[in-house]
Amino acid sequence: MRRRSFLLGAATAAVAGTAGYYRSRIVETTPELSYPGMQAGHALRDGASWPQPSATLRHEVAILGAGIAGLSCAWKLAREGFTDFVVVQGPEFAGNAAAGQRDGLDYPLGAHYLPLPSLASTHVREMLADFGIIERGAGEARPYYDESILVHSPQERLLRDGRWEEGLLPMTGLPEADVAQHRKFLALIDRLHTEVGNDGRKVFSIPIALSSRDPAWRALDALTFRQWLEREGYTSPALHWYLNYCCRDDYGARYDVVSAWAGLHYFASRDGHAANAGEGAVLTWPGGLAVLAQRMRDAITLKLGHAGWLMPGAALRVQDAPAGPRVTCLIPGPDAVPRACVLQTRRTVCAMPLFVAQRILPDIRAYGYDPAVHASAHAPWMVSNFVMEGYPLEAPGEPLSWDNVIYQGQALGYVVSTHQLLRVTRTPRSVFTAYHALSSQTPQAARNWLTRASPEALRAEAAADLIAAYGNEFWRHARQLEITVRGHAMATPLCGYLSNPGLAALREVDGPVLFAHADLSGYSVFEEASWWGVAAAGRILGQKPAPA
């Protein structure tokens, strides 16, 4: 799938002379590689031996995992005045929302934006209001947001035929029949935003637990998104490219395997608006969603009056006991030697991916979830951060934007970390963050490649879209490169995921052990992860869960 060669001639023609002059000075930077969670996850998978526990700690509640779901659960508990809990961090604080920093520059190691939350996402609006991100009107159709984090213009652009154009769905220079199909699809999405099923619920809602159960609409889950498009008469190659890109970007997989229901949900579920921003605006920060994870951490610490609620280490095993779940954890010890301890709890929240939960819960099948039958496919990702000294020369058309995508590109384009900084001129240094879902092969084949690929091969893959945009002149400006490899980055909503009985069973569990992770929704976004975290907190607090 190395489809970038046809772009190089046009995209680099303007810099051919200078690129030739400086060619001897081009150096492809050596990447620094990070595989968060891989070592710990493989140790669990392979049944590694652990030290015997040397201490027992007692808490009413243990939350296992400090990703968005676990932090949301802790934030809700603390906000409601519940104080006797501990969060076992896991291998990476914030998980898929983590961030990095280098020489004063923040950049995302995972998710980098949050769409404006719809009215159905009351849990997200409550959170954003608590953090001062929604400044007023959290319960209204158009809240007023902090201006500094509403994505600045220019927001997005597409490199096509050697020229940058505004937006990601091609509309110019196409046959009129194709443009008509594009407009038809967009009009359909406008209608679906308010479509209601026979049960009175919105057909496509986020969180998906609030979506309609109308069988006529749920039947879309039996088709792939591509099959649905072909059935409905959509034939435009540019539209097919765009919708395939969206599935790869949001779900980590191609549109010919993603559920048609999920493909439409991507567009039709999000209908958030802002009083002080145009349609399609999103919330973003230089470090991506790590800011929200840190805001939750700060809010919990402030509410509890101490930071001891967040415990370094990782859960190894959850076992039933008469007094409640016993959690064996591996935590840092003196002289950097890890030691084991036991958390004796009344209730434990498994806020980690389900492929991890199945390793630490020896009886997970007792909850109605059989990993051999019900496990979702998980897409592997690379998130690559290039520290830039200056900026490479641009192809003609739209200027450098927050989100920059290559038409028919190998990867998913790149975002500019300094885009949100309120400056009249460009910063002298920046970070270009390139995203790549390795969807051209099966997830397992992609994971195998990621673990054996050389740093040079990973660098070539990471830079594919950037070289398509700038040619080798890009390397004159790229000074450092950090590649984050996430072998199981996100669950993928393949056909049939809506009716997965194992996921449905875990969503209903309300006992000593609870489950809270975006995997319960079948795909990974902030709204879904935080929903299940808040829902688990509600069960602990004895609150009636929202209908699902």
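What counts, and at which threshold
- Residues numbered from 1 in each chain as written.
- Predicted model: local features only at pLDDT ≥ 70, side-chain atom pairs only at ≥ 80, totals over all residues.
- Heavy atoms only, no water.
- Phe/Tyr/Trp six-rings, centres within 6.5 Å; stacked < 30°, edge-to-face > 60°.
- Helix = DSSP H or I, 4+ residues; strand = E, 2+ residues; numbered from the N terminus.
- Core = buried A, V, L, I, M, F, W, Y, C linked by side-chain atoms within 4.5 Å.
- Buried < 20%, exposed > 50% of the residue type's maximum accessible area, 1.4 Å probe, protein only.
- Contact = heavy atoms within 4.5 Å.
- Pairing = 2+ DSSP bridges.
- Polar contact = N/O pair within 3.5 Å; in protein donor to acceptor, adjacent residues only side chain to side chain.
- 1 Å grid on protein atoms, 1.4 Å probe; cavity = no way out; pocket = protein on both sides within 12 Å on 5 of 7 lines; lining within 4 Å.
- Points joined across faces, edges and corners; volume = space filled by probe spheres on them.
- Nonpolar A, V, L, I, M, F, W, Y, C, P; charged D, E, K, R; others polar.
- Axes fitted to C-alpha atoms, helices over the stretch in contact; angles between N-to-C directions.
- Expected span 1.5 Å × (residues − 1).
- Parallel < 35°, antiparallel > 145°, perpendicular 65-115°, else oblique.
- pLDDT = per-residue confidence, 0-100.
- Salt bridge = Lys/Arg side-chain N within 4 Å of Asp/Glu carboxyl O.

## Digging into the packing of aromatic side chains
Summed over all chains, the structure comprises 24 aromatic pairs. Both rings, one in Tyr251 and one in Tyr266, keep their centres 6.4 Å apart while their planes meet at 75°; by these two values the pair is edge-to-face. On the criterion of sequence distance, the pair formed by Tyr251 in helix α9 (residues 237-251) and Tyr266 in helix α10 (residues 260-268) is long-range, its members being 15 residues apart. Note on Trp381 and Tyr435: the rings are 6.4 Å apart at their centroids and 80° apart in plane angle, and the pair reads as edge-to-face. Linking Trp381 in strand β18 (residues 378-389) with Tyr435 in strand β21 (residues 429-437), this pair joins segments that are 54 residues apart in sequence.

## Some details on the nonpolar core
Ile63, Leu64, Phe85, Leu283, Val349 and Phe515 are the most contacted members of the largest nonpolar core, which totals 90 residues. What Phe85 contacts, discounting residues up to four positions off in sequence, is His59, Val61, Ile63, Ala74, Leu77, Ala78, Ile300, Leu304 and Trp309. Of all hydrophobic cores here, the second largest spans 53 residues; its members include Ile208, Trp241, Val405 and Leu498.

## Observations regarding the pairing of strand β5 (residues 99-102)
Consecutive residues of a regular strand have side chains that alternate between opposite faces of the sheet. Residue alternation in β5 divides its side chains into a buried set, Gly100 and Arg102, and an unburied set, Ala99 and Gln101. Looking at chain direction, β5 and strand β6 (residues 105-108) are connected through four bridges and run antiparallel. Counted as the bridge partner of Gly100 is Tyr107 from β6. A loop of two residues connects β5 with β6, the two strands running antiparallel in sequence, and Asp103 in this loop sits at a positive phi of about 50°.

## Topic: the side chain of Thr29
Of note, Thr29 is situated in the loop between α2 (16-22) and β1 (31-34). Accessibility expressed as a relative area gives 11% for Thr29, which makes it buried. Among the polar contacts listed, one links the side chain of Thr29 to the backbone oxygen of Arg479, at a separation of 3.2 Å. Apart from residues lying up to four places away in sequence, Thr29 is in contact with Arg459, Trp475, Ala478, Arg479, Gln480 and Leu481.

## Focus on empty space enclosed by the protein
Scanning the entire structure with this criterion turns up two cavities of 30 Å³ or more. Considered as a void within the structure, the largest cavity measures approximately 60 Å³ in volume. Together, Pro108, His112, Thr284, Trp285, Pro286, Trp402, Val415, Val416, Ser417, His419 and Gln420 line the largest cavity. Residues of the lining of the largest cavity, tallied by class, amount to six nonpolar, five polar and no charged.

## What to know about the sheet that holds strand β19 (residues 403-406)
A sheet is described by the order of its strands in space; here eight strands give the open sequence β1-β22-β18-β21-β20-β19-β10-β11, paired in mixed fashion. This sheet does not close on itself; its edge strands, each paired only once, are β1 and β11 (163-166). Within this sheet the neighbouring strands show an average axis-to-axis angle of 25°, counted without direction. Alignment of β19 against strand β20 (residues 414-416), held across two bridges, turns out to be antiparallel. Note on β20: the bridge partner recorded for Asn404 is Tyr414. Set on the sheet, helix α14 (residues 443-452) makes contact with β18 and β22 (478-491); between it and β18 the angle comes to about 40°.

## Describing α9
When the terminal C-alpha atoms of α9 are compared, their 21 Å separation across 15 residues agrees well with the 21 Å that a helix rising 1.5 Å per residue should span. Summarising burial for α9: 14 of the 15 residues are buried, a large majority.

## Focus on the packing of helix α6 (residues 176-192) against α9
Working note: a packed helix pair is described by the angle between its axes plus the distance between those axes. Put simply, α6 and α9 touch, their axes get as near as 8 Å, and they point 40° apart. The pairing of α6 with α9 is recorded here as oblique in orientation. Two secondary-structure elements touch here, α6 through Asp178, Gln181, His182 and Phe185 and α9 through Pro237, Ala238, Leu239 and Leu243. A class-by-class count of the residues in the contact of α6 with α9 yields five nonpolar, two polar and one charged.

## Topic: unusual backbone geometry
The step from Ser153 to Pro154 runs through a cis peptide bond, and the omega angle for that step is -5°. Tracing the backbone shows Pro154 in the loop between β9 (144-145) and β10 (156-160). A positive phi angle, close to 60°, is found at Gln408, a residue other than glycine. On the secondary structure map, Gln408 appears in the loop between β19 and β20.

## Examining the confidence of the model for the protein chain
Per-chain confidence: the protein chain averages 93 in pLDDT, with 95% of residues scoring 70 or above. Confidence drops under pLDDT 50 across residues 1-24; counting only partners more than four residues distant or on other chains, this segment forms 37 contacts.

## Quick look at the pattern of salt bridges
One pass over the full model with this rule turns up 24 salt bridges. A salt bridge links Asp130 to Arg79; its shortest N-O distance comes to 3.9 Å. Here the residue Asp130 occupies a position in helix α5 (residues 122-130), and Arg79 occupies one in helix α4 (residues 68-79), the gap between them amounting to 51 residues. In this structure, the salt-bridge partner of Arg270 is Asp250, at a minimum N-O distance of 3.9 Å. Taken together, the residues span a long stretch of sequence, with Arg270 in the loop between α10 and β12 (282-284) and Asp250 in helix α9 at a distance of 20 residues. Look at the salt bridges and you will find they share partners, linking Lys76, Arg79, Glu80, Glu126 and Asp130 into a network.

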